[in-house]
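Residues per chain are reported as follows:
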Amino acid sequence: MSLVDVGNVADTFFQQVPIIDLFNIESKDATLRKELVDKVRHACMSVGFFYVKNHGIPEEYIDGALSFAKKFFSLSTESKMMIENKKTPNFKGYSPLLSGNNNPENAGDLQEGFEFGWEVLNKSEDSNATEDGVMAGANVWPSEEDIPGFRDNVLKYYHATVKLGKSMFPLFALALNQRENFFEDKTRHSAALMKLLHYPPQSGTVDDRVIGIGAHTDWECFTILWQQPGIQALQVLNAEKNWINAPPIPGTLVINLGDQFARWTNDIFKSTVHRAINRSGVERYSIPLFFGTDYNVKLEPIPSCVSPEHPLKYEVVTAGDYVQARLKATFNH
Ligand SMILES: O=C(O)CCC(=O)C(=O)O
Ligand SMILES: [Fe+2]
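Residues numbered from 1 in each chain as written. Chains lettered and ligands numbered in written order. Predicted model: local features only at pLDDT ≥ 70, side-chain atom pairs only at ≥ 80, totals over all residues.

**Quick notes on the overall build of the protein chain**
Here's step 1: Summing up its helical and strand segments, the protein chain has 7 helices and 12 strands in all.
Here's step 2: Whereas a compact globule of 333 residues would reach a radius of gyration of roughly 20 Å, the protein chain reaches 19 Å, a difference of no more than 12%.
Here's step 3: Each of the 333 residues in the protein chain was classed as buried or not, and the buried ones make up 43%.
Here's step 4: In the protein chain, the proportion of contacts linking residues at least 24 apart, taken out of those at least 6 apart, comes to 79%. (Helix = DSSP H or I, 4+ residues; strand = E, 2+ residues; numbered from the N terminus. Rg over C-alpha atoms; globule rule 2.2 N^0.38 Å. Buried ≥ 20, exposed ≤ 12 C-beta atoms within 10 Å, placed from the backbone. Contact = placed C-beta atoms within 7 Å.)

Set out below in structure tokens:
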């Protein structure tokens, strides 16, 4: 069966998000690896979301990032607004409550965030000459006086998550019947944005047009999302237009595909609509890492994903132009 045929019969009426065990991700055993790739292919073509367990990221890195996220969001508004994202190229830095709007039908996302991209831990070692083009723009950080250790701790988690993301690209390539290193020359510069997110509890009269993050798709190839344990907020839309809960599962991270993969695959991989609503009555934190192909790379569909019955769906643009257009639409609403 061609990729188009397999994609056509994928069941998009899912009722839950599958869990995939990454234990065999580095296995030299061809059978074990094929089993893993088959599971990834199935999840990508039907749900566009899956949990991963045995992902290899140390809990202490997650705990570190979370505790510094909490410290950051409890800084004074004045300190946070010094690094407001609208003052920087490409919206790095702090986004206040309701400043972004992922669903144009809504009145703003009830979350505050802090976004940053690639940066080495030790600045003097930076050899990753960027070719970020339209997406160029340095990270901004709160002052060390305000919050000592913030940059190093969140970058530690960022780097571990980028490493996990890099190890997943070969799985996606194999799932698309491409050579394992298909994405290697397209992901040299780690076009990966991380966002610390804080959702205050929503109490009192609830306006249905204000939720944590409105219905949207992500923009990059895939997202690696850590969500706070114990709080149901994330929901995923299936083909029947039912919202399926994706609760946090201890020891896992959520992987969801974004628009860049939909474009690489002419929609054979699903960039599935999702949203988050925090009506738990308590604060919620989450940390997505959005991992795309390099900003100067064109999002051209893999030929086997296009056929006369499944014609080309998207115009070809660079990854950077696409992400920048979506950022502008989200924050200039
Ligand atoms: O907070 C969450 O669980 C989801 C966040 C999300 O979908 C996003 O930032 O794109
Ligand atoms: Fe998202």
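From this point, things continue past the structure.
**Describing the sheet that holds strand β8 (residues 234-237)**
Here's step 1: On the basis of which strands lie adjacent, the open sheet formed by 4 strands has the order β6-β11-β8-β9 and antiparallel pairing. Each edge of the open sheet is held by one strand with a lone partner, namely β6 (213-216) and β9 (243-245). Direction aside, neighbouring strands of the sheet carry axes that sit 25° apart on average. (Pairing = 2+ DSSP bridges. Axes fitted to C-alpha atoms, helices over the stretch in contact; angles between N-to-C directions.)

**Some thoughts on the site of ligand 1**
Here's step 1: Around ligand 1 sit K195, L197, I213, D218, L225, Q227, A233, L234, H274, A276, S286 and P288, and those are all the residues in its vicinity.
Here's step 2: Residue assignment for the shell around ligand 1 shows that the elements contributing at least two residues are β5 (192-199), β7 (222-227), β11 (274-276) and β12 (284-291). (Near = placed C-beta within 6 Å.)

**Looking at the confidence of the model for the protein chain**
Here's step 1: With 97% of its residues at a pLDDT of at least 70, the protein chain reaches an overall mean of 94.
Here's step 2: Across the interfaces of the predicted complex, the ipTM metric reaches 0.99, alongside a pTM of 0.96. (pLDDT = per-residue confidence, 0-100.)

**Topic: the nonpolar core**
Here's step 1: Ranked by size, the top nonpolar core spans 82 residues in total, and within it V40, F50 and V154 carry the most contacts.
Here's step 2: With 11 residues, helix α5 (residues 150-175) is the single largest residue contributor to this core.
Here's step 3: If we skip the residues at most four places from it in the chain, F50 touches V17, P18, I19, I20, A43 and I255. (Core = buried A, V, L, I, M, F, W, Y, C linked by C-beta atoms within 7 Å.)

**Some points on the sheet that holds strand β1 (residues 19-21)**
Here's step 1: Ordered by their spatial adjacency, 8 strands build an open sheet running β1-β2-β10-β7-β12-β5-β4-β3, and the pairing between neighbours is mixed. Either end of the sheet is taken by a strand with one partner, and the two such strands are β1 and β3 (93-95). Averaged over all pairs of adjacent strands, the angle between strand axes in this sheet comes to 25°, irrespective of strand direction.
Here's step 2: Looking at chain direction, β3 and strand β4 (residues 112-116) are connected through 3 bridges and run antiparallel.

**Brief notes about the pairing of β5**
Here's step 1: Judged by how many residues are buried, β5 sits mostly within the fold: 7 of 8 residues are covered.
Here's step 2: Pairing analysis gives 5 bridges linking β4 to β5, with the strands arranged antiparallel. Residue pairing for β5: F116 is matched across the bridge by M194.
Here's step 3: Pairing of β5 with β12, which is carried by 6 bridges, proceeds in the antiparallel orientation.

**Topic: the pairing of β7**
Here's step 1: β7 sits mainly inside the fold: 6 of its 6 residues count as buried.
Here's step 2: Relative to strand β10 (residues 252-257), β7 is paired through 4 bridges, and the arrangement is antiparallel. Residue pairing in the sheet places F222 in a bridge with L257 of β10.
Here's step 3: Where β7 lies against β12, 6 bridges are found, and the strand directions are antiparallel. Bridge assignment links F222 to a residue of β12, and that residue is F291.

**Considering the packing of helix α3 (residues 59-73) against α5**
The description of two packed helices rests on the angle between their axes and on the distance between the axes.
Here's step 1: The contact between α3 and α5 brings their axes to 9 Å, and the two run at 135°. If you check the angle between α3 and α5, you find them oblique. Every pair of crossing elements has a handedness; the one defined by α3 and α5 is left-handed. Packed against α3, whose contacting residues are Y61, I62, G64, A65, F68 and F72, the element α5 presents F150, N153, V154, K156, Y157 and A160 at the interface.
Here's step 2: Partitioned by chemical class, the residues of the contact of α3 with α5 number 9 nonpolar, 2 polar and 1 charged. (Parallel < 35°, antiparallel > 145°, perpendicular 65-115°, else oblique. Left-handed = near helix turned anticlockwise from the far one by under 90°. Nonpolar A, V, L, I, M, F, W, Y, C, P; charged D, E, K, R; others polar.)

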